[in-house]
Amino acid sequence: MQASPPQYPGAPYYPMATENLLKKRYVLALNALGLLALWLATIIVIWTSDRNALGFARFLAISGGLIAAFGSIAGALGSKRTSDMQNLGLLVWGGLVLAFTISVLTWIGR
């Protein structure tokens, strides 16, 4: 794969490193967004029994769980500035979020 040409002659082109995108703030934001979606899905299930609302709650639960889990796993596997214990904690947290997502989905499906 060839790098794109510079903006003007003589300017070097440096591709953006993906490690810069995996900051703690972004991993925290992805987890917060995912947990907010899971929380909203459980609130919808508690308040209503409408099939359309339950379908929307199922969508929120799946997408929120995947956003939070994949954010944690990406932070654990892609960051070079975290220790081994931090990586292990992020992997365990991703697994717990997926387990909670599955429990919310089984509760919606009943």
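Structure first, text after, so check above.
In this text the structure is predicted, and so the values were computed from the model without any measurement. (Residues numbered from 1 in each chain as written. Predicted model: local features only at pLDDT ≥ 70, side-chain atom pairs only at ≥ 80, totals over all residues. Heavy atoms only, no water.)

**Q** Would you take a moment to explain the overall build of the chain for this structure?
**A** Tallying secondary structure elements over the chain gives three helices and zero strands in all. Mapped in sequence order, the helices and strands of the chain form the string α-α-α. Burial statistics for the chain: of 110 residues in total, 29% are counted as buried. Taking as baseline every contact in the chain between residues at least 6 positions apart, the subset at least 24 positions apart corresponds to 65%. By element, 68% of the accessible surface of the chain is carried by carbon and sulfur atoms, the whole surface being about 8,000 Å². (Helix = DSSP H or I, 4+ residues; strand = E, 2+ residues; numbered from the N terminus. Buried < 20%, exposed > 50% of the residue type's maximum accessible area, 1.4 Å probe, protein only. Contact = heavy atoms within 4.5 Å. Areas by Shrake-Rupley, 256 points an atom, 1.4 Å probe, with all protein chains shown as cover.)

**Q** So what exactly am I meant to see when it comes to a nonpolar patch on the surface here?
**A** Taken together, the side chains of Leu35, Met85, Leu88, Val92, Trp93 and Leu96 present a nonpolar region at the surface, about 580 Å² in accessible area. Here the nonpolar patch takes five residues from helix α3 (residues 84-108), the largest share from any one element. (Patch = residues over 30% accessible without salt bridge, like charges linked within 9 Å, V, L, I, M, F, W, Y side chains within 5 Å. Salt bridge = Lys/Arg side-chain N within 4 Å of Asp/Glu carboxyl O.)

**Q** I'm lost on the packing of helix α2 (residues 51-78) against α3 in this one. Help?
**A** A packed helix pair is summarised by two numbers, namely the angle formed by the two axes and the spacing between the axes. Packing of α2 against α3 leaves a shortest axis separation of 8 Å and a crossing angle of 170 degrees. With respect to α3, the element α2 is oriented roughly antiparallel. The residue inventory of the contact of α2 with α3, partitioned by class, reads 17 nonpolar, six polar and one charged. (Axes fitted to C-alpha atoms, helices over the stretch in contact; angles between N-to-C directions. Parallel < 35°, antiparallel > 145°, perpendicular 65-115°, else oblique. Nonpolar A, V, L, I, M, F, W, Y, C, P; charged D, E, K, R; others polar.)

**Q** I tried to follow the side chain of Thr101 on my own but got confused; where do I start?
**A** With respect to the secondary-structure elements, Thr101 resides in helix α3. Classification of Thr101 as buried rests on a relative accessible area of 6%. Leave out the neighbours within four places in its chain, and Thr101 touches Leu38, Ala61, Ile62 and Gly65.

**Q** Help me out: how do you make sense of α3 in this one?
**A** It helps to recall that an α-helix has 3.6 residues per turn; residues three or four apart then point in one direction. For α3, which comprises 25 residues, the first-to-last C-alpha distance of 36 Å matches the rise-based estimate of 36 Å (1.5 Å per residue) to within 8%. Within the span of α3, buried status applies to Asn87, Leu90, Gly94, Val97, Thr101, Val104 and Ile108. Looking at the packing, one finds that the buried side of α3 touches α1 (24-47) and α2. (Expected span 1.5 Å × (residues − 1).)

**Q** What's the story with a positive patch on the surface in this structure? I'm lost.
**A** The grouping of Lys23, Lys24, Arg25 and Arg81 at the surface amounts to a positive patch. Residue Arg81 is classed as exposed on the basis of its relative accessible area of 80%. (Lys, Arg positive; Asp, Glu negative; His and termini not counted. Charge placed at Lys NZ, Arg CZ, Asp CG, Glu CD.)

**Q** Would you explain the nonpolar core in this entry?
**A** A general feature of soluble globular proteins is that nonpolar side chains tend to end up buried together. Counting twelve residues, the largest nonpolar core is built from Ala37, Leu38, Ala41, Ile44, Val45, Ala53, Leu54, Ala57, Leu60, Ala61, Val104 and Ile108. For this core, the elements supplying multiple residues, two or more each, are α1, α2 and α3. (Core = buried A, V, L, I, M, F, W, Y, C linked by side-chain atoms within 4.5 Å.)

**Q** Just to check I follow, could you spell out the side chain of Ser72 for this structure?
**A** You can see Ser72 is positioned in helix α2. By relative accessible area, Ser72 is classed as buried at 0%. Not counting residues up to four positions away in its chain, the partners in contact with Ser72 are Val27, Asn31, Leu90, Trp93 and Gly94.

**Q** How should the environment of Ala99 be read in this particular structure?
**A** Positionally, Ala99 belongs in helix α3. For Ala99, a relative accessible area of 44% puts it in the partly exposed group. Through-space distance from the C-alpha of Ala99 to that of Ala69 is 9.9 Å; in sequence the pair is 30 residues apart.

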